[in-house]
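Coordinate inspection notes
Each chain, written out:
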Amino acid sequence: MKFDHLFSEIKLGDLSLSHRIVMAPLTRCRSSQPGDIPNDMNAEYYRQRSSAALIISEATQISPQGKGYAFTPGIHSDEQISGWKKVTDAVHEQGGYIFMQLWHVGRVSHSKLQPDNTLPVAPSAIAVEGQAFTEEGMFDFETPRALDLSEIPGIIEQYRLAAINAKKAGFDGVEIHAANGYLLEQFIKDGTNKRSDIYGGSIENRVRLALEVTQAVTDVWPGDKVGIRISPTGKFNSMTDSNPQAVYHYLVEKLNQFNLAYLHIVEKFGEGGVEVEKFDFEQLRHTFNGAYMANGGYNGESAEKSLSNDKSDLVAFGVPFISNPDLPQRIKQGASLTTANADTFYGGQEEGYIDYPSMTAG
Ligand code: PHB
């Protein structure tokens, strides 16, 4: 198959991307301890993958409160900023681009991961099903504490400071994580948001926090260096919404005021694509005024088809980038792909992280 569309240039703000294959954010839980600090091994991992048109960093906690998994990195301390600088330098040395994904997990955490062992926070006191991954092992999720209205400005401030820190760390831009059941999505979807103040109830109220966070982040970065990730049909982390089409159409219309670089859509998430709900992603594509980045189970062929049918402008690949550091070249040449070992996705050291070979340089 020819991949004329996949390997065509695109401008993303003032960045000239040489093709359309983006590396999706991937949680790998390998920061240095104590302090959740990015290290030389993390820099090597990203360096190996810098032939992506754009790398989006693994989800990165904007504050100690925003942390939900052991060993994930943060962007709220000077040591973390210095650690990330090694990563951005490594990617830039190879001619690549990297955005940081800004993450607050909300209820998807545990008091063992929280400052002073307090309960995680959320729009409403409703627990997520399952278990949290802590330094001491797996523990059932607890019922979170509902945020007081007076605490919301502090949450927005966490995003603003993290956006500033990402700039200090040398990133080319940032992605706001509003997907996959974390804090911003907990506000957006009505299964998790039972608030009766201006952040709950109507669609307008539920998307308010995501829009205010986008405002704060675009006060720090120009809009064309900011993307946002959403998962309208996602059920991951026990998420539900009674009318996602209306919610996300409204959100995307409102996002247009910020002239963002891209809208990153998780169309499918998880093994085999468990999302069965009908959803008109093309409505969002036609509503949004920036680039549409599709994600979820794509391969070279389906990505080329999506681009050539004008369904997307960029396609983000996650798991294939774990085990194929030179994924763009492999797709271009029709080379076989290495299958990723799921046992080494989260935590550990070099194995399953920086030891997947490229076809060319070792
Ligand atoms: C995960 O750690 O499993 C994870 C993190 C961020 C996501 C999705 C999954 O957006």
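Scroll up to find the structure.
None of these values were measured; they are calculated from a predicted model. (Residues numbered from 1 in each chain as written. Predicted model: local features only at pLDDT ≥ 70, side-chain atom pairs only at ≥ 80, totals over all residues. Heavy atoms only, no water.)

Side note on unusual backbone geometry
Note the following rule: Secondary structure elements are defined from DSSP: runs of H or I of at least 4 residues count as helices, runs of E of at least 2 residues count as strands, and each element is numbered from the N terminus.
The amide bond that connects Gln33 to the next residue, Pro34, takes the cis arrangement and shows omega of -5 degrees. One non-glycine residue, Phe71, adopts positive backbone phi at about 70 degrees. When you line up the elements, Phe71 lands in the loop between strand E4 (54-61) and helix H2 (78-93). Although it is not a glycine, Ser238 adopts a positive phi angle of roughly 55 degrees. Structurally, the position occupied by Ser238 is in the loop between strand E11 (226-230) and helix H7 (244-255).

Thoughts on the site of the ligand
Note the following rule: Residues are classed as near a molecule or strand on a simple rule: at least one heavy atom within 4 Å of it. Distance and chemistry together define a polar contact, namely a pair of N or O atoms within 3.5 Å, with one atom able to donate a hydrogen and the other to accept it when in protein, and with adjacent residues in sequence counting only for side-chain atoms on both sides. Per-residue and other accessible areas follow the Shrake-Rupley method at a 1.4 Å probe size, with only the shown protein chains counted as cover for residues. The nonpolar class holds Ala, Val, Leu, Ile, Met, Phe, Trp, Tyr, Cys and Pro. Asp, Glu, Lys and Arg form the charged class, and all remaining residues, Gly among them, are polar.
With respect to spatial proximity, the complete set of residues near the ligand consists of Thr27, Tyr69, Trp103, His177, Asn180, Tyr182, Phe236, Phe269 and Tyr346. Tyr346 is positioned such that a nitrogen or oxygen atom in its side chain is 3.3 Å from an oxygen atom of the ligand. Coverage of the ligand by the protein chains reaches 90% of its 280 Å² of free accessible surface. When its residues are assigned to classes, the shell around the ligand shows 6 nonpolar, 3 polar and no charged.

Side note on the pattern of salt bridges
For the record, the criterion: Whenever a carboxyl oxygen of Asp or Glu lies within 4 Å of a side-chain nitrogen of Lys or Arg, that contact is scored as a salt bridge. Under the scheme applied here, a residue whose accessible area is under 20% of the maximum for its type counts as buried, over 50% as exposed, and between as partly exposed, the area being computed with a 1.4 Å probe on protein chains only.
One pass over the structure, following the stated rule, counts 17 salt bridges. For the salt bridge of Lys67 with Glu135, the shortest nitrogen-to-oxygen distance reads 3.2 Å. Within this pair, whereas Lys67 is found in the loop between E4 and H2, its partner Glu135 is found in the loop between strand E7 (131-134) and strand E8 (137-140), the two being separated by 68 residues in sequence. Looking at Lys67, the relative accessible area reads 8%, which means it is buried. Taking the relative accessible area as the measure of exposure, Glu135 reaches 40% and is therefore partly exposed. For Arg160, the salt bridge identified is with Glu157, shortest N-O distance 2.9 Å.

What to know about a negative patch on the surface
The following threshold applies: Each patch groups residues whose relative accessible area exceeds 30% and which form no salt bridge, using 9 Å between like charges and 5 Å between nonpolar side chains of Val, Leu, Ile, Met, Phe, Trp and Tyr. Only four residue types enter the charge count: Lys and Arg as positive, Asp and Glu as negative, with His and the chain ends excluded. Taken as the charge centre is NZ of Lys, CZ of Arg, CG of Asp or CD of Glu, depending on the residue.
There is a patch of like negative charges on the surface, built from Asp343, Glu350, Glu351 and Asp355. With respect to the helices and strands, Glu350 occurs in the segment after helix H11 (327-333). Residue Glu350 is classed as partly exposed on the basis of its relative accessible area, which comes to 41%.

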